[in-house]
Every structure is written in C-alpha cells, then in structure tokens.
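So the chains spell out like this:
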Amino acid sequence: MDLLARIERREEWGRVASEKAQAAGDGFLWRTADKSQGGRGLPAREATTPRPVPGRDEHRDGVLYVRLTLRAGELAQQAEPGQFVMVKADDGLDPFLRRPLSFHRINQERGEVQILFQVKGRGTGLLARRLPGDALQLLGPLGRGFTLEQRMFPENGAGTQRQRVVLVGGGIGVAPLLALAEKAARGGDEVLLLLGARSRDDLLAVSDFRALGAQVHLATDDGSLGHHGLITDLLDQVLREDAADAIYACGPLPMLKKVAQLADQFGRPAQLSLEERMGCGLGACIGCVVGTKGPGGQPTYKKVCQDGPVFPAQEVILP
Ligand SMILES: Cc1cc2nc3c(=O)[nH]c(=O)nc-3n(C[C@H](O)[C@H](O)[C@H](O)COP(=O)(O)OP(=O)(O)OC[C@H]3O[C@@H](n4cnc5c(N)ncnc54)[C@H](O)[C@@H]3O)c2cc1C
Ligand code: FES
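Anyway, here's the lowdown on the structure attached to this text. Here the structure is a predicted model, which is why all the values come from computation and not from measurement.

Once that is clear, we can look at the overall build of the chain. Per the secondary structure count, the chain includes 8 helices and 19 strands. Looking at the 319 residues of the chain, the share that counts as buried comes to 52%. Taking the intrachain contacts of the chain between residues at least 6 apart in sequence as the baseline, contacts between residues at least 24 apart amount to 67%. Summed over its atoms, the accessible surface of the chain is roughly 15200 Å², and 49% of this surface lies on carbon and sulfur atoms.

Another aspect to go through is the site of ligand 1. As a structural note, the neighbourhood of ligand 1 is formed by 20 residues, with R99, P100, G123, T124 and R277 the closest of them. T124 places a polar side-chain atom, nitrogen or oxygen, 2.4 Å from an oxygen atom of ligand 1. At a separation of 2.4 Å, an oxygen atom of ligand 1 approaches a polar side-chain atom of R277. Contact with the protein chains removes 79% of the 860 Å² of surface that ligand 1 exposes when unbound. Within the residue set of the shell around ligand 1, elements represented by two or more residues are β5 (99–102), β7 (112–118) and α4 (122–127).

Within helix α7 (residues 231–240), 7 of the 10 residues are buried, which leaves it mostly tucked inside the rest of the structure. Taken as a whole, α7 has its buried residues at I231, T232, L234, L235, D236, V238 and L239. Elements in contact with the buried residues of α7: β11 (164–170), β12 (190–197), β13 (215–220), β14 (227–228), β15 (246–250) and α8 (253–266). Note on α7: the residue one or two positions beyond its end, D242, has a positive phi of about 60°.

A word on the packing of aromatic side chains. With the rule as written, the count across this model stands at 1 aromatic pair. Each ring, one from F146 and one from Y248, has its centre 5.9 Å from the other, and the planes form 80°; the classification is edge-to-face. A residue pair is termed long-range when its members are at least 10 positions apart, and F146 in the loop between β8 (135–142) and β9 (152–153) and Y248 in strand β15 qualify at 102 residues. For F146, a relative accessible area of 7% puts it in the buried group. Residue class for Y248 comes out buried when judged on its relative accessible area of 0%.

The subject of this paragraph is the nonpolar core. One finds V168, L194, L235, L272 and L274 to be the most contacted residues of the largest nonpolar core, which totals 36 residues. At the level of elements, β4 (84–87), β8, β11, β12, α7, β15, α8 and β16 (270–273) are the ones that each hand at least two residues to this core. Among the elements that line this core, the one with the most residues is α8, at 6 residues. Residue-level mapping places this core at the junction of two domains, with at least three residues from each of domain 1 (2–142) and domain 2 (152–274).

This part covers the side chain of E12. Its location among the elements puts E12 in strand β1 (residues 2–15). Residue classification places E12 among the buried residues on the basis of a relative accessible area of 1%. Within the local environment of E12, its side chain forms a polar contact with the side chain of R10, the two groups lying 2.7 Å apart.

Our next topic: a nonpolar patch on the surface. Taken together, the side chains of L93, F96 and L97 make up a nonpolar region of the molecular surface, amounting to roughly 370 Å² of accessible area. Mapped onto the secondary structure, L93 falls in the loop between β4 and β5.

Let's shift gears to the environment of G279. The residue G279 is located in the loop between β16 and β17 (289–293) in this model. On the accessibility criterion, G279 (25% relative accessible area) is partly exposed. When near neighbours in sequence (up to four residues on either side) are disregarded, G279 contacts M86, L97 and C285.

In space, the 7 strands of this open sheet follow the order β14-β13-β12-β11-β15-β16-β19, with mixed pairing throughout. Of all strands in the sheet, those bounded by a partner on one side alone are β14 and β19 (310–312). Alignment of β16 against β19, held across 3 bridges, turns out to be antiparallel. Paired with Q271 across the strands is P312, a residue of β19. Packing against the sheet, α7 makes contact with β11, β12, β13, β14 and β15, and its axis sits at approximately 150° to β12.

This model, assessed by the stated rule, comprises 17 salt bridges. Across the pair E80 and K183 runs a salt bridge, and its minimum N-O distance is 2.9 Å. Note that E80 is positioned in the loop between α3 (73–78) and β4 and K183 in helix α5 (residues 175–186), a separation of 103 residues in sequence. With a closest N to O distance of 3.6 Å, R130 and D91 form a salt bridge. You can see R130 sitting in the loop between α4 and β8 and its partner D91 sitting in the loop between β4 and β5, a full 39 residues away along the chain. Residue classification places R130 among the buried residues on the basis of a relative accessible area of 8%.

Rules and cut-offs
Residues numbered from 1 in each chain as written. Chains lettered and ligands numbered in written order. Predicted model: local features only at pLDDT ≥ 70, side-chain atom pairs only at ≥ 80, totals over all residues. Heavy atoms only, no water. Helix = DSSP H or I, 4+ residues; strand = E, 2+ residues; numbered from the N terminus. Buried < 20%, exposed > 50% of the residue type's maximum accessible area, 1.4 Å probe, protein only. Contact = heavy atoms within 4.5 Å. Areas by Shrake-Rupley, 256 points an atom, 1.4 Å probe, with all protein chains shown as cover. Near = heavy atom within 4 Å. Polar contact = N/O pair within 3.5 Å; in protein donor to acceptor, adjacent residues only side chain to side chain. Phe/Tyr/Trp six-rings, centres within 6.5 Å; stacked < 30°, edge-to-face > 60°. Core = buried A, V, L, I, M, F, W, Y, C linked by side-chain atoms within 4.5 Å. Domains from an automatic or database assignment. Patch = residues over 30% accessible without salt bridge, like charges linked within 9 Å, V, L, I, M, F, W, Y side chains within 5 Å. Salt bridge = Lys/Arg side-chain N within 4 Å of Asp/Glu carboxyl O. Pairing = 2+ DSSP bridges. Axes fitted to C-alpha atoms, helices over the stretch in contact; angles between N-to-C directions.

Structural data, given as structure tokens:
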C-alpha cells in the first residue's frame, strides 16, 4: 500500500560527541514536539531558527535517534510486529530510494504507528528533520514479521500455555521489539527484554517496555549501565536457567550469530530480524538476498524484503 501518513509527534534522543558539551553535562538531549503544541509543533525558538542538520552539525560524531508517531489508519490496521515500511525521506528526488524502517509500535485503535530510527546517512538525516504536521510517503506494510510461537498442550484439550518470551535487542535493533512485546503482553505472555548498547544513552524505549510489565535486563559495552559486556552473556545465563520458551532478536550481525548459536545449543526456537540494504523493498531488484538452507540443507537464497526480514534462526546462513 502506497500512502501518505501525517506526523503527529516527534521525539529525539541524542548524544553530542564534543568534549565541551560533555564536560558541561550536556551530552544527552531530549526534545519532543507535538502537533497540539501549536505552530508546526516545535517551541518558538526552534520553529523560527534554521534547524541544524542532524548527524552533520550539532551531532557531528555524535548519535541521534528520532521517534515519529504517524497517523496512518489503514496501515495501522494491517501492520504486524517485525514488518516494515519503505519511507520516502524527502519530497524531492534526492535521495531517490526509500529507506526501510520497522514498525516500532502499532496502535490500531488510534490508527497510529511509530517508527524509531538512528540517523546514519542522508536518508535518515533528512527524515530526522521532518516535523509534526508534515506528510510522509510510505510503502507498506512489507515483509514477513515475527510469529509468536505457541506451545500446544493437546493433552489439556489443545490449550496453549503462557510463554516466557525473550526479546534480545542490540542498539537500534530494539526498534521492532516494542511492537512485538506489546503483542505478546496482550496475548498474556511473559516478556523478558535483554537490551544491549554501546552506552547508557543508546538504550532506547526502556521505560516503554517496563510500562508493559516486561522484565528488563540491560548491558552496555562501556559498563555505564547494567551488565558490563555483551547482551548475549545475559541470554546465555537466561538459557542456562531454563527461563526462555522462545527467542526473538534484532541487532548487529555478530549479536544475531551468537543468539542463533545459543538457541541451537539450548534447543530453543529463535527468530532473527535481518537487515540488508534495500532498493525496492518489494522483491523486484534482488538487492537484498541472504543465504539460507533449503530442503535437505542445500544452500539457497531468499530475499530479506519479501521472505523476511524475520527468519527462523536455523534457516539463515549468517556470513
Ligand atoms: C527491514 C529493515 C528494517 C529496518 N528498520 C530500522 C529501524 O527500525 N530503525 C533504524 O534506525 N534502522 C532500520 N533499518 C536500517 C535503515 O534502513 C538504514 O539505517 C537506513 O536505510 C540508512 O539510510 P541513510 O540514507 O540514512 O544512510 P546511507 O547513506 O544509505 O548509509 C549510511 C550508513 O548506513 C548503512 N546502512 C544503509 N542501509 C542499511 C541497512 N539496510 N541496514 C544496515 N545498515 C545500513 C550504510 O552501510 C552506511 O554505513 C532497517 C533496515 C531494514 C532492511
Ligand atoms: S529490496 Fe529489492 S528485492 Fe529486496
């Protein structure tokens, strides 16, 4: 579905890299803008002064994360956790290609979806400048999302049992996991989030998971919050304690490889959300293929945009 969505709300988090800003204790920013705040939604100073280009000016060498709430009625009705949209970052022709972004949250009652992204390059940099009230061109929902595993107990009258669902996120890989956590919690599952990032300022949406009643364990590379080390160290521990029925992961490739290896070692089902550079998002350009195991274990290829982005861990061959 090709549609126009209206930006309702814009939130940003970021870390300025300059030593001066950090010395002033000003390394972490947070701004929120709502359509309801009047004008184009930003405080007067920001509405009247030229906005810096995120990732290029104030965030040079820093990090910027933006969350947009979009009014997109029909899309919200159809979207599933783990699926994504191709977003046109700017109304002009440059960049020409849309950028893939996952559903971060899906609210069918309000007809809203959220996207959460890290500014990486030109596309996300331009998208980060869009304001409440702006219209965004979207294509979606695309791909195959997460499937919540159900443990069947036929001896109990084909009933199902409350599952312990473990979500493993690395950095911005947390983006699609909140929508999944919401769905799992609605279905009565117990949710455990294991979230790792470079530093405490890169741990996003933690309060939203806690508000759902999810248990949250954190890890940072620099030890600034939670476990000092890799988030997969905590997954290892959880699996040793036999406290996971199914695992769902999104994050950097080395993290996904370790999750797949641990899931295999402990015999637990795992689903991985993969990222590949995408041209069309529709299965037409063959730009996003990934190696998979076909029938009889024969290597074959699948398209991340159409057959994924979520794959069973035992099916994909991670490079
Ligand atoms: C199915 C899917 C869902 C995604 N969901 C999210 C999300 O919810 N939030 C989010 O922040 N990002 C997400 N991404 C990654 C996001 O699409 C890229 O960061 C974005 O397209 C970069 O565009 P750009 O123009 O800003 O950067 P570019 O100028 O195109 O590239 C800048 C840097 O980003 C890297 N990059 C570009 N595309 C990708 C990609 N697809 N995956 C990984 N690295 C890439 C490049 O290698 C380069 O180093 C998703 C990717 C896929 C395939
Ligand atoms: S992005 Fe074109 S085939 Fe997947």
